[in-house]
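# Descriptive analysis of the structure
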Amino acid sequence: MFAAQSISLLSKGLLIVLLTRYFLTAEEYGLLFFAISILSVTLLFANLGLAKSAARYLAEYRKTDPSQVPHILWSTLKYNLGTIVVVSAAVVLFSDPIARLLDEPRVAPLLVAGVGYIAFSSLKTFVSLSFQGLNSVDWSAKVDIVANVSFLVFIVGLLYLGLGPLGAILGYTVGYALAVVVGFGVLYFKFFRPLNEGSSKEDGLSKRILRYSAPLTVTRGAVMLDSRVDAILVGYFLNPVAVGFYMLGKQITDFVIAPATTIGFSISPTYGEQKATDKLERAASLYETTFEYVVTLYIPAAVGMAILAEPTVRLVFGEGYLGAVPVVQVFSLYVLLRAIDKITNDSLDFIGRAGSRAYAKSATAVANFVLNIALIPTFGVVGAALATVITYVFLVGFEVYLIYTEFSLSLTRLARTTAIVCLVTLGMAIPVLAFEPFISGLATLAVAVGLGIALWSVFASASGLLSFRRVVSMLR
């Protein structure tokens, strides 16, 4: 997963730079992600919580009764294909009314072209989560590599042919399709066929998958409301250019939290296995260690992101995107919150607390929606970023509380580590802040980043916060 995320970072980062600097104007960039935000909301109904529910039962039956694995995969896939057909037909049918409702007629053809995006993105989610449930995250990683490298090749190729935002959506579709072909091939030959011994499906298994998918669907709906509807509201209240600024800020955030995403995705099934075997102390120790490394990495990263936002946007993406600078600065706190969320939320699903998480996510998503409506007309695109940060404070706090109730975490240990990290961050931030006015090009920007990393490494090692040998061991 670390290798996959590294390749993903490189390809996504290069793709963003190419889109913003060479192929799309700020308005076209905003229009593209305005359409993708709408398509992502429809993905909720194509995915529901089926793939995540299947992953939970795959993790369980992989240990207790492997002969049920093919039945879980096939039942879930059939349900998923049915939802994809229904949602795709609805998008084609209602593309024009949606465009008129949002007062943006240019989005209609992008939605129609996005039907393939919906289908293959949904199936790619099924494949990745199936590998996660089977504790074969290395194959999830390889599927991600195929997708991200394909995005770069096909999106840039179609944009080079002059297809604009439409070409970008088609490029995403081809990338997802190739990843799905690889993923299904591996699932079939490595897991489905070897375990398909003709045993009958356990009574009620499909119903349990559907039942457990209900709270997960609520959670996914809340995630979409929280992460995509805000961009749609920015486009509705403001314009596609503002959407571009907002989405650029979010994409930079996604770029920064990739290591936390890797760790969270990789270790989440382990919590379920530890709970199933009643090894709660071991699970608590694993979470505490993960939390410590995440705050050690992301508190300094958040501060550095806030300090270097203006020169980074200006030099990397161009002066046409300087409107994204305040968004990036507000999202610097969101980086820390989301990193903690990434190592916590999947874990709750695997230990059977999906229902509690669904209630919390739903409440914060509704609050985020209301705050967006209240803050965007007053504060513009920054208001949308503020709404996200405010609601995530409460969400992440509740998620950590749920983990605490399950594993009896040492809050003293976590608080002590966080306090030391804040002191280390202060020692790193002051020199970087002093150097920031002298940044005039990419070389001096790289020097500033290198200075921050060097100071952080020295202070973190000297304080005992970070053992590079333990980091390598943990990743392995």
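Residues numbered from 1 in each chain as written. Predicted model: local features only at pLDDT ≥ 70, side-chain atom pairs only at ≥ 80, totals over all residues. Heavy atoms only, no water.

Summing up its helical and strand segments, the protein chain has 21 helices and zero strands in all. Expressed as a percentage of the 476 residues in the protein chain, the buried residues total 54%. For the protein chain, the exposed surface amounts to about 19600 Å²; the carbon and sulfur share of it is 68%. (Helix = DSSP H or I, 4+ residues; strand = E, 2+ residues; numbered from the N terminus. Buried < 20%, exposed > 50% of the residue type's maximum accessible area, 1.4 Å probe, protein only. Areas by Shrake-Rupley, 256 points an atom, 1.4 Å probe, with all protein chains shown as cover.)

Turning next to the pattern of salt bridges. Within the structure shown, the criterion is met by seven salt bridges. Measuring nitrogen to oxygen at the nearest pair gives 2.8 Å for the salt bridge that ties glutamate 292 to arginine 413. Within this pair, whereas glutamate 292 is found in helix 13 (residues 280–307), its partner arginine 413 is found in helix 19 (residues 411–435), the two being separated by 121 residues in sequence. Residue classification places glutamate 292 among the buried residues on the basis of a relative accessible area of 15%. A single salt-bridge network, built from bridges that share partners, covers Glu27, Glu104 and Arg106. (Salt bridge = Lys/Arg side-chain N within 4 Å of Asp/Glu carboxyl O.)

The next thing to look at is the side chain of threonine 289. With respect to the secondary-structure elements, threonine 289 resides in helix 13. Side-chain polar atoms of threonine 289 contact the side chain of arginine 413, separated by 3.4 Å. (Polar contact = N/O pair within 3.5 Å; in protein donor to acceptor, adjacent residues only side chain to side chain.)

Before going further, it helps to spend a moment on the nonpolar core. If you look at the biggest cluster of nonpolar residues, it comprises 128 residues, and the most contacted ones within it are Tyr246 and Ile340. With twelve residues, the single largest contributor to this core is helix 2 (residues 26–47). Formed by eight residues, the second largest nonpolar core is a distinct cluster that contains Ile307, Ala429, Ile439 and Leu445. (Core = buried A, V, L, I, M, F, W, Y, C linked by side-chain atoms within 4.5 Å.)

Bringing the packing of aromatic side chains into the picture now. All chains considered together, the criterion is met by 17 aromatic pairs. Here the aromatic cluster, defined as three or more aromatic residues joined through ring pairs, consists of Tyr29, Phe33, Phe245 and Tyr321. Cation over ring: lysine 142 sits above tryptophan 139, and NZ or CZ is 4.2 Å from the ring centre. (Phe/Tyr/Trp six-rings, centres within 6.5 Å; stacked < 30°, edge-to-face > 60°. Lys NZ or Arg CZ within 6 Å of the ring centre and 35° of its normal.)

Further remarks concern helix 4 (residues 69–101). Between its terminal C-alpha atoms helix 4 stretches 44 Å, which fits the 48 Å expected from 33 residues at 1.5 Å a residue. At phenylalanine 94, helix 4 shows its largest bend, some 55 degrees, and a proline, proline 97, comes one to four positions later. Immediately downstream of helix 4, the backbone of aspartate 103 shows phi near 55 degrees, a positive value. (Expected span 1.5 Å × (residues − 1). Bend = angle between axes of the 7 residues up to and from the residue.)

Mean pLDDT for the protein chain: 83, with 89% of residues reaching 70 or above. Between the elements of the protein chain, mean pLDDT differs from a low of 61, seen in helix 21 (residues 468–475), to a high of 92, seen in helix 5 (residues 108–113). (pLDDT = per-residue confidence, 0-100.)

This paragraph deals with a nonpolar patch on the surface. On the surface, Tyr236, Phe237, Leu238, Val366, Phe369, Val370 and Ile373 cluster together to form a nonpolar patch covering roughly 580 Å² of accessible area. When contributions to the nonpolar patch are tallied by element, the ones reaching two or more residues are helix 10 (229–237) and helix 17 (354–379). Here valine 370 lies in helix 17. (Patch = residues over 30% accessible without salt bridge, like charges linked within 9 Å, V, L, I, M, F, W, Y side chains within 5 Å.)

Glancing now at helix 11 (residues 240–256). Here helix 11 contains 17 residues, and its C-alpha end-to-end distance of 24 Å stays within 8% of the 24 Å for a straight helix at 1.5 Å per residue. Sitting at the head of helix 11, asparagine 239 places a side-chain oxygen 3.1 Å from the backbone nitrogen of valine 241.

Once that is clear, we can look at the packing of helix 3 (residues 50–64) against helix 6 (residues 115–133). At their nearest, the axes of helix 3 and helix 6 sit 7 Å apart, and the two run at 25 degrees to each other. Taken together, the axes of helix 3 and helix 6 lie roughly parallel to each other. The chirality of how helix 3 crosses helix 6 is right-handed. Touching Ala51, Lys52, Ala55, Leu58, Ala59 and Arg62 of helix 3 are Thr125, Phe126, Leu129, Ser130 and Gly133, all from helix 6. Here the contact of helix 3 with helix 6 is built from residues that sort into six nonpolar, three polar and two charged. (Axes fitted to C-alpha atoms, helices over the stretch in contact; angles between N-to-C directions. Parallel < 35°, antiparallel > 145°, perpendicular 65-115°, else oblique. Left-handed = near helix turned anticlockwise from the far one by under 90°. Contact = heavy atoms within 4.5 Å. Nonpolar A, V, L, I, M, F, W, Y, C, P; charged D, E, K, R; others polar.)

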